[in-house]
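Structural characterization, general
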Amino acid sequence: MSTQHAAGRYAPSPSGDLHVGNLRTAMLAWLFAHTTGRRFLIRMEDLDRAVAGADARQLADLASLGIDWEIPVVYQTARRDIYRDIIARLRDAGRTFECFCTRREILEAPSAPHAPHGAYPGTCRHLTDAERAEKIAAGRPPAIRILADTTEFTVTDLLHGTFTGMVDDFVIQRNDGTPAYNLAVVVDDAAQGVDQVVRGDDLLSSAPRQAYLATLLGETPPTYAHVPMVLNPAGVRLSKRDGAVTLTDLAAAGVSAATVLSHLAQSLGLAGRGEAVDLPTLAARFVPEALPREPWLLGPTEWASTA
Ligand code: GLU
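Residues numbered from 1 in each chain as written. Predicted model: local features only at pLDDT ≥ 70, side-chain atom pairs only at ≥ 80, totals over all residues. Heavy atoms only, no water.

Near the ligand the following residues occur: Arg 9, Ala 11, Pro 12, Ser 13, Glu 45, Tyr 181, Val 185, Arg 199 and Leu 203. A distance of 2.8 Å separates an oxygen atom of the ligand from a polar atom in the side chain of Arg 199. When the residues that make up the shell around the ligand are grouped by side-chain class, the tally is five nonpolar, one polar and three charged. (Near = heavy atom within 4 Å. Polar contact = N/O pair within 3.5 Å; in protein donor to acceptor, adjacent residues only side chain to side chain. Nonpolar A, V, L, I, M, F, W, Y, C, P; charged D, E, K, R; others polar.)

Right, here's the structure in full:
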């Protein structure tokens, strides 16, 4: 158990430049941490999909909005030994099993009675040693799954209230040996003293699994705030296809970081149209209960009058 002072964090995957939706989430994570007396950390979730140089560009973009954080920035690739030890600890405690299923087999398997829709059907849960040996001999490397002893778990979310969601035998180590996101995120939040997790609401459904895993590891699950996403006018998650959505693209179109910050603040009900703001000013106005609960629909005309 960590004895460090409570912290909040932003944990991007360095797979490319942050878009304004990511920046808005990071800004909210900073505001939640600062207005509740927490340290604020950045963690690079670089176990997969990392692109060389993307981490430095992400940090520079965050800094240009006035976001600051405690150093050092933690990189998950530097913590592989820690994940390996925790996975071994769970295995030794009888909390894991090897799974040889392909994605397709899982989709095609009849689901277990009473199992929630989409849950792992339990195929490899009770393989005999002979069956396991046969699969290994056939050359299939196993993933490692948690042997869950519940089908749901309840978390506390500052925006969604009490949220109960599915827990199944989820993967904690992929079959290429990479620790799974759901394992690494829980291990790192606990190790870093993170007791407040602010992130996009696309991850709300993952929170029960992660909180359950935290309890298996003897940790207290964090408090969550799953914040609304930024969507394009068609209601689809923002991406490169939506044109100028990163600070670099926007700067090239004549939109400064200060203008982006002002628009983000306005979208959160924290600033007037065109008002110049900085993060300490926003912190003084920040009331979590008053945050919008709907996605922010962002179209190219958002910047038209400012460029
Ligand atoms: N690295 C994840 C992402 O960029 C976020 C994980 C988290 O905040 O728990 O989507």
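For helix H2 (residues 54-64), the set of buried residues is Ala 54, Asp 55, Gln 58, Leu 59, Asp 61 and Leu 62. End-on view of H2: buried residues confined to an arc of 160°, all on one side of the axis. Buried-residue contacts for H2 involve strand S1 (7-10), helix H1 (20-34), strand S2 (39-44), strand S3 (74-75) and helix H8 (247-252). (Buried < 20%, exposed > 50% of the residue type's maximum accessible area, 1.4 Å probe, protein only. Helix = DSSP H or I, 4+ residues; strand = E, 2+ residues; numbered from the N terminus. Arc of directions from axis to C-beta. Contact = heavy atoms within 4.5 Å.)

Alternating positions in strand S5 (residues 143-146) separate into two faces, Ala 143 and Arg 145 on one and Ile 144 and Ile 146 on the other, with burial throughout. Sheet topology note: the strand S4 (residues 96-99)/S5 ladder contains four bridges and is antiparallel. The residue of S5 that forms the bridge with Cys 99 is Ala 143. Sheet analysis places S5 next to strand S8 (residues 171-173), joined by two bridges and oriented antiparallel. Within the sheet, the bridge partner assigned to Arg 145 lies in S8 and is Val 171. (Pairing = 2+ DSSP bridges.)

Spatial strand order, S4-S5-S8: three strands in an open sheet with antiparallel pairing. Each edge of the sheet is formed by a strand with only one pairing partner; in this case those strands are S4 and S8. Neighbouring strand axes in the sheet, compared pairwise and without regard to direction, differ in orientation by 45° on average. Contacting S4, S5 and S8, helix H3 (residues 80-92) runs over the sheet at an angle of about 125° to S8. (Axes fitted to C-alpha atoms, helices over the stretch in contact; angles between N-to-C directions.)

A word on the UniProt feature "binding site: L-glutamate" (unreviewed entry) in the protein chain. Taken from the UniProt record, the annotation "binding site: L-glutamate" (unreviewed entry) applies to Arg 9, Tyr 10, Ala 11, Pro 12, Ser 13, Glu 45, Tyr 181 and Arg 199. Summarising the element assignment, Ser 13 is placed in the loop between S1 and H1. Look at Ser 13 and you get partly exposed, because its relative accessible area is 26%. In this structure Ser 13 touches Glu 45, Arg 49 and Gln 58, once residues within four positions along its chain are discounted. In this fold, Glu 45 is placed in the loop between S2 and H2. Taking relative accessible area as the criterion, Glu 45 reaches 9% and is therefore assigned buried. Ignoring any residue separated from it by four or fewer positions in sequence, one finds Glu 45 in contact with Ala 11, Pro 12, Ser 13, Pro 14, Gln 76, Tyr 181 and Val 185. (UniProt positions renumbered as here; feature names shortened; annotations may be inferred.)

Right, let's get into unusual backbone geometry. Looking along the chain, the bond that leaves Ile 71 and enters Pro 72 is cis, with omega of 0°. With respect to the helices and strands, Pro 72 occurs in the loop between H2 and S3.

Within the structure shown, the criterion is met by three aromatic pairs. On the numbers, 6.0 Å between centres and 35° between planes, the contact of Phe 97 with Tyr 120 is tilted. On the criterion of sequence distance, the pair formed by Phe 97 in strand S4 and Tyr 120 in the loop between helix H4 (103-108) and helix H5 (129-137) is long-range, its members being 23 residues apart. Each member of the pair Phe 97 and Tyr 120 is classed as buried. (Phe/Tyr/Trp six-rings, centres within 6.5 Å; stacked < 30°, edge-to-face > 60°.)

With that settled, the discussion passes to the packing of helix H6 (residues 181-191) against helix H7 (residues 207-216). Two quantities define a packed helix pair, namely the angle between the axes and the distance from one axis to the other. Packing of H6 against H7 brings their axes to within 9 Å, and their N-to-C directions diverge by 55°. Taken as axis vectors, H6 and H7 run oblique relative to one another. As H6 runs across H7, the sense of the crossing is right-handed. For the pair H6 and H7, contact is made by Tyr 181, Asn 182, Leu 183, Val 185 and Val 186 and by Arg 209, Gln 210, Leu 213 and Ala 214, respectively. Of the residues that constitute the contact of H6 with H7, the class distribution is six nonpolar, two polar and one charged. (Parallel < 35°, antiparallel > 145°, perpendicular 65-115°, else oblique. Left-handed = near helix turned anticlockwise from the far one by under 90°.)

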